[in-house]
Amino acid sequence: MGDVVMGADGLARCGWGASTPDYLDYHDTEWGRAVRDDDGLFERMSLEAFQSGLSWITILRKRPSFRAAFAGFEIEKVAAFGEADVDRLLADAGIVRNRAKIEAAIANARAAAELPGGIAALLWSFAPDPRPERPADFSKVPAVTPESKAMAKELKKRGFRFVGPTTAYALMQATGMVNDHVAGCFVELP
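Everything numeric in this text was worked out from a predicted model, so none of it was measured. (Residues numbered from 1 in each chain as written. Predicted model: local features only at pLDDT ≥ 70, side-chain atom pairs only at ≥ 80, totals over all residues. Heavy atoms only, no water.)

(A) Quick peek at the side chain of Ser148. Of note, Ser148 is situated in helix α8 (residues 146–157). Under the relative-accessibility criterion, Ser148 is labelled buried at 0%. There is a polar contact of 3.1 Å between the side chain of Ser148 and the backbone oxygen of Pro165. Among residues more than four places away in sequence, those in contact with Ser148 are Pro165, Ala168, Tyr169 and Met172. (Helix = DSSP H or I, 4+ residues; strand = E, 2+ residues; numbered from the N terminus. Buried < 20%, exposed > 50% of the residue type's maximum accessible area, 1.4 Å probe, protein only. Polar contact = N/O pair within 3.5 Å; in protein donor to acceptor, adjacent residues only side chain to side chain. Contact = heavy atoms within 4.5 Å.)

Given below as structure tokens:
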């Protein structure tokens, strides 16, 4: 797969974005676009944590089930989950049934609910300013950055789990804090 491929629609896009219909839609309409609301960022953080060790396509295809199982990723609702909810989630074949990740999502909701300015303000405070230029190719896309390391460190300090520097950077990519659509991709972000 090349760094940029031409789609059947005549649009040049990041190679991974044209590899499956699910990726095509995600690439074209969501990845890299700014997410600035607390629940939206909590959802993306949770899904990135569940993805750890798995392929993103697995999580993307299970996202409707995740949303149903985790009350639409409404922070206050997930923060109120108890042991019965953990058992329910462990029995839900529609999601990734990993106790540590499930318990981390609930703990992260509780930590997010306690943030005085909200999770969006905290996460966006780590966005590079100005945003780096688009990478020339995927070899220029980092797995971690100083900002993602600082974000992960601060999140850990505040009680968040399963959000290390690599997951933090993936979150930054997915939510528009950085633009890693490679040069030549049709997606133009502000």
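(B) How the structure looks around the packing of helix α2 (residues 38–51) against helix α3 (residues 56–69). Packing of α2 against α3 leaves a shortest axis separation of 10 Å and a crossing angle of 130 degrees. The orientation of α2 relative to α3 falls into the category oblique. The chirality of how α2 crosses α3 is right-handed. Across the interface between the two elements, Glu43, Arg44, Leu47, Glu48, Phe50 and Gln51 of α2 pack against Trp56, Ile59, Arg63, Phe66 and Arg67 of α3. In terms of residue class, the contact of α2 with α3 is built from 5 nonpolar, 1 polar and 5 charged. (Axes fitted to C-alpha atoms, helices over the stretch in contact; angles between N-to-C directions. Parallel < 35°, antiparallel > 145°, perpendicular 65-115°, else oblique. Left-handed = near helix turned anticlockwise from the far one by under 90°. Nonpolar A, V, L, I, M, F, W, Y, C, P; charged D, E, K, R; others polar.)

Functional significance is not addressed by these values, which are geometric in nature.
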